[in-house]
Amino acid sequence: MQTIDLETSINVFLKLGQQLQSLQPLTGENVLSELFAWYRENRITGTSLIEDGDMLLLQWGVTRPLDIIEPTDLRGVGDEKIKFSDTKFQYLNFTRQVFANYDDKEVEFDDVAIQMRITLCYEATAEKENSDGFWIETPNDVERGEERFRSTPFVNLLMKTPASRVEIVAEHCG
C-alpha cells in the first residue's frame, strides 16, 4: 500500500484517465478494474477511511456530460467556462471522492473535498432513466460493491459496451 498526497493523487488520476482514453474500445470493465486497483493500492494523506474521507461512488442513468475531450482538472475553472452537451446520454460513472481534512474538525467539506470521476457515455437518449448509485466506503467493501454494481440490470447491459464518449475530471465537490 502506498500513501500519496492529494495533488499527486489528482495527477495520477488524470494520467490514469489518459491511459484509459487510449484504450480502444474503452468499456466499464476497463475503468472498474483500474479504479478499484488504484483505490486498493493508494491511500491519500490527510484522509480517514473511518470518517468517510476516501470513498468510491458508482452511478448510472442518463446525463448531459461536459463538453470536454481530455482529462481535465476543473478546480479553479469558473462556471462560465464549463459547457455541457446539448444531448443526453446513458452513462456509467466511477468516482473517487476524497476529503483531506488532516483530522482538523474546523475544515469544511465543501472547501476541500475533491471528486475524481470518470463518466462513460453510451448512446444518446431522450428517455428518462432513473439515475442511481451507491457508495463503497472502504477498500474492504470493494468486492461486495462490485457485485452489487454488476447486478444492476442497467449497469450489466453497458459494462462491456464500448463508450461513445468519456468525461474524466477532477473537481471540487462543493
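These numbers come from a predicted model, not from an experiment.

Undergrad: Help me understand the packing of aromatic side chains, please; the structure alone is not making it clear to me.
TA: Geometrically, a pair of aromatic rings is defined through the distance of the ring centres and the angle of the planes. If you walk through the whole model with that rule in mind, you get 6 aromatic pairs. Through successive ring pairs, a cluster of aromatic residues spans Trp60, Phe94, Phe134 and Phe149. The cationic tip of Arg43 hangs over the ring face of Tyr39; the distance from NZ or CZ to the ring centre is 5.0 Å. One cation-aromatic arrangement involves Arg96 over Trp38; the distance from NZ or CZ to the ring centre is 4.5 Å.

Undergrad: Hey, could you run me through the pairing of strand β3 (residues 54–63) in this one?
TA: For a regular strand, side-chain orientation follows a simple rule: the groups alternate between the two sheet faces. Most of β3 sits inside the fold, with 8 of its 10 residues counted as buried. With 5 bridges connecting them, β3 and strand β7 (residues 132–136) associate as antiparallel partners. Each bridged residue has a counterpart across the sheet, and for Trp60 the counterpart in β7 is Asp132.

Undergrad: Just checking my understanding: could you explain the pattern of salt bridges for this structure?
TA: Once their charged atoms are close, side chains differing in charge can pair, the charge on each being opposite to the other. According to the stated counting rule, one finds 11 salt bridges in the structure shown. Arg150 serves as the salt-bridge partner of Glu29, at 2.7 Å between the closest nitrogen and oxygen. Residue Glu29 is found in helix α2 (residues 28–41), and its partner Arg150 is found in helix α4 (residues 142–150); the two are separated by 121 residues along the sequence. Glu146 serves as the salt-bridge partner of Arg150, at 2.9 Å between the closest nitrogen and oxygen. Of this pair, Arg150 and Glu146 both sit in helix α4, separated by 4 residues, roughly a single helical turn. For Glu146, a relative accessible area of 22% gives the class partly exposed. One salt-bridge network, held together by shared partners, links Glu7, Asp73 and Arg75.

Undergrad: Quick question: what am I supposed to make of α2 here?
TA: The α-helix winds at 3.6 residues per turn, so residues separated by three or four positions along the chain end up facing the same way. Here α2 contains 14 residues, and its C-alpha end-to-end distance of 20 Å stays within 8% of the 20 Å for a straight helix at 1.5 Å per residue. Those residues of α2 that sit buried are Gly28, Val31, Leu32, Leu35, Phe36, Trp38 and Tyr39. Projection of α2 onto a plane perpendicular to its axis shows the buried side chains occupying an angular sector of 165°, all on one side.

What counts and how
- Residues numbered from 1 in each chain as written.
- Predicted model: local features only at pLDDT ≥ 70, side-chain atom pairs only at ≥ 80, totals over all residues.
- Heavy atoms only, no water.
- Phe/Tyr/Trp six-rings, centres within 6.5 Å; stacked < 30°, edge-to-face > 60°.
- Lys NZ or Arg CZ within 6 Å of the ring centre and 35° of its normal.
- Buried < 20%, exposed > 50% of the residue type's maximum accessible area, 1.4 Å probe, protein only.
- Helix = DSSP H or I, 4+ residues; strand = E, 2+ residues; numbered from the N terminus.
- Pairing = 2+ DSSP bridges.
- Salt bridge = Lys/Arg side-chain N within 4 Å of Asp/Glu carboxyl O.
- Expected span 1.5 Å × (residues − 1).
- Arc of directions from axis to C-beta.

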